[in-house]
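Here is what each chain is made of, one letter per residue.
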Amino acid sequence: MSTEKRFAFTGKEAVELQTFELGEPGEKSVKIRTMASMVSTGTEGIVFRRAFTAGNHWDQWVKYPFFPGYSAAGYVTAVGPGVSRFKVGDRVVTRNGHASASIAPEDQCYRIPEGLSFEDALWFAFAKITAMGARVARYQLGDRVAVVGAGLIGQFSARWAYAAGAAKVVVIDPVAERLRYQEGAGSFVTLAEPVAQCYEKLAEICGGELPNIVVEATGSARVFQDALKAVGRFGKLVLMTDTGTPEEQRLSGEVITRGLTIVGAHDPQERPEWNSGIIAPLFFGMCLDGRIRLNGMVSHHFSYRNPAEVYRTCMEERNTVMGVVINWEE
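This report concerns the structure included in the present document. (Residues numbered from 1 in each chain as written. Predicted model: local features only at pLDDT ≥ 70, side-chain atom pairs only at ≥ 80, totals over all residues. Heavy atoms only, no water.)

Mapped onto the elements of the fold, Thr94 is located in strand 5 (residues 91-94). The contacts of Thr94, once residues within four sequence positions are left out, are Ile32, Tyr70, Ser71, Ala72, Ala104, Gln108 and Cys109. (Helix = DSSP H or I, 4+ residues; strand = E, 2+ residues; numbered from the N terminus. Contact = heavy atoms within 4.5 Å.)

Written out as structure tokens, the structure is:
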């Protein structure tokens, strides 16, 4: 038994650093000393602000105390009975929350390969979520792709499309500061304006036709409708983000007149042929060989000691925040 620390939301826009007792790992589980964790600014922001409609699935999920976070990396410090994949001292990343230590089943831990830092490995959570979108997009060589929204989900959605061989990957966001995180990551085209204002530019960039695949990555009910109008004839819209107010989402006439397909993708949609265990080594390998580039993606580093400052920054400085890393080293 050890005394550890963790972030806890105790109410709307209320967060504190709590002390808790962590036991020893059980059957086929490992104990991990966290070196760093990463904030999901979109999901954690919605939860922190309680920016969702009463009675919907967000409301049913968020109960207090709520323990945020789903990307943490560190060292294995103990292994339970039956563990065969890991030993003490191994470096792993998990989908655990913001805490100084945690316990996880060994099949939910992913080995960090030599040459990849803890900080880079933390991106696995967002890479995995967006890999679900890449799968349902069914990219083919030469596709024309637009990603609407250059937050964390948009950043990795664009990288998967580029790595899959799309001829054009256009990233659209009215906040120009977010678009700079595409620099050096590949041959992207960026448009610093709302998607509703750039349909003609999109068609020009894509050789006279609108994109055949559009990824909606904003979490905005209003932008969903605008993004549908950016999809070319018989094209596909991949809905990657979950709004707190789904009842406000509306279809546009283009769904019928252009024969569009809408498909949703997100974290829980694992299947035997496409899951975290397959995606993790793929993503890590592509980082190491340069097909996916992460340089400069972290915008903020924080000590674990002041969680209120972490979330104040994420909420009040949203236009400049991208990767937010919490350092758990003493």
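From this point, the discussion proceeds with the structure in view.
The next point concerns the environment of Ile292. Mapped onto the fold, Ile292 is located in the loop between helix 10 (276-288) and strand 14 (298-303). Its relative accessible area of 2% is what places Ile292 among the buried residues. A sequence separation of 51 residues divides Ile292 from Thr241, and the C-alpha atoms of the two residues are 21 Å apart. With residues near it in sequence (within four places) discarded, Ile292 still touches Arg159, Trp160, Phe283, Met286 and Cys287. (Buried < 20%, exposed > 50% of the residue type's maximum accessible area, 1.4 Å probe, protein only.)

Another aspect to go through is the nonpolar core. As a rule of thumb, nonpolar side chains are buried together in soluble globular proteins. Counting 59 residues, the largest nonpolar core has Trp123, Trp160, Phe283 and Phe284 as its most contacted members. Looking at this core, the elements that each hand over two or more residues are strand 3 (29-38), helix 3 (118-121), helix 4 (124-137), strand 8 (144-148), helix 5 (152-163), strand 9 (168-172), strand 11 (213-216) and helix 10. With 10 residues, the single largest contributor to this core is helix 4. Once residues lying within four places of it in the same chain are set aside, the contact partners of Phe284 are Val93, Tyr110, Arg111, Pro113, Leu116, Ala121 and Phe124. (Core = buried A, V, L, I, M, F, W, Y, C linked by side-chain atoms within 4.5 Å.)

In this section: the sheet that holds strand 10 (residues 189-191). Overall, parallel pairing links the six strands, which are arranged 10-9-8-11-12-13 in an open sheet. Looking at which strands have only one partner, the edges of the open sheet turn out to be strand 10 and strand 13 (261-264). On average, each strand axis in the sheet is inclined to that of its neighbour by 20 degrees, with strand direction left out of account. Examined bridge by bridge, strand 11 and strand 12 (residues 236-239) share four bridges and lie parallel to one another. By the bridge assignment, Ile213 is partnered in strand 12 with Lys236. (Pairing = 2+ DSSP bridges. Axes fitted to C-alpha atoms, helices over the stretch in contact; angles between N-to-C directions.)

This part takes up the packing of aromatic side chains. Applying the stated criterion across every chain, the model contains 19 aromatic pairs. Seen from their ring centres, Phe52 and Trp58 are 6.2 Å apart, and the 15 degrees between their planes marks the pair as stacked. With respect to burial, Phe52 and Trp58 carry one shared label: buried. In textbook terms, an aromatic cluster arises when at least three aromatic residues are bridged by ring pairs, as seen for Phe7, Phe9, Phe48, Phe52, Trp58, Trp61, Phe66, Tyr304, Tyr311 and Trp328. Taking NZ or CZ as reference, Arg6 lies 4.0 Å from the ring centre of Phe67, over its face. The cationic tip of Arg180 hangs over the ring face of Tyr181; the distance from NZ or CZ to the ring centre is 4.3 Å. (Phe/Tyr/Trp six-rings, centres within 6.5 Å; stacked < 30°, edge-to-face > 60°. Lys NZ or Arg CZ within 6 Å of the ring centre and 35° of its normal.)

Looking now at the side chain of Gln18. Take Gln18: it is sitting in strand 2 (residues 14-22). Taking the relative accessible area as the measure of exposure, Gln18 reaches 17% and is therefore buried. Among the polar contacts listed, one links the side chain of Gln18 to the side chain of Glu16, at a separation of 3.2 Å. Not counting residues within four places of it along the chain, the set of residues in contact with Gln18 comprises Glu4, Lys5, Arg6, Ala8, Thr10, Pro65 and Phe67. (Polar contact = N/O pair within 3.5 Å; in protein donor to acceptor, adjacent residues only side chain to side chain.)

With that out of the way, let us pick up the state of the cysteines. In the structure shown here, the tally under the stated rule is zero disulfides. No disulfide involves Cys206; its sulfur sits 10 Å from that of Cys198, the nearest cysteine. Look at Cys206 and you get buried, because its relative accessible area is 8%. (Disulfide = S-S within 2.5 Å.)

This brings us to the pattern of salt bridges. For the structure on display, the rule yields 17 salt bridges. Residue Asp173 pairs with Arg178 through a salt bridge whose shortest N-O separation is 3.1 Å. Here the two residues Asp173 and Arg178 agree in accessibility, since each one is buried. Residue Arg312 pairs with Glu309 through a salt bridge whose shortest N-O separation is 3.0 Å. Taken as a pair, Arg312 and Glu309 lie in helix 11 (residues 307-316) at a separation of three residues, close to a single helical turn. Assessed through its relative accessible area of 29%, Arg312 is described here as partly exposed. Because the salt bridges share partners, they merge into one network encompassing Arg95, Lys128, Asp267 and Glu270. (Salt bridge = Lys/Arg side-chain N within 4 Å of Asp/Glu carboxyl O.)

Here we come to the pairing of strand 3. The two faces of a sheet get side chains in turn, since along a regular strand they alternate between them. Along strand 3, nine of the 10 residues are buried, which leaves the element largely enclosed by surrounding structure. Bridge count for strand 3 against strand 4 (residues 72-79) is seven bridges, and the pairing is antiparallel. Directly across from Ser37, in strand 4, lies its bridge partner Ala72. As paired strands, strand 3 and strand 15 (residues 323-327) are joined by three bridges and run antiparallel to one another. Residue Ser37 lies in a different strand from strand 15, and its bridge partner there is Ile326.

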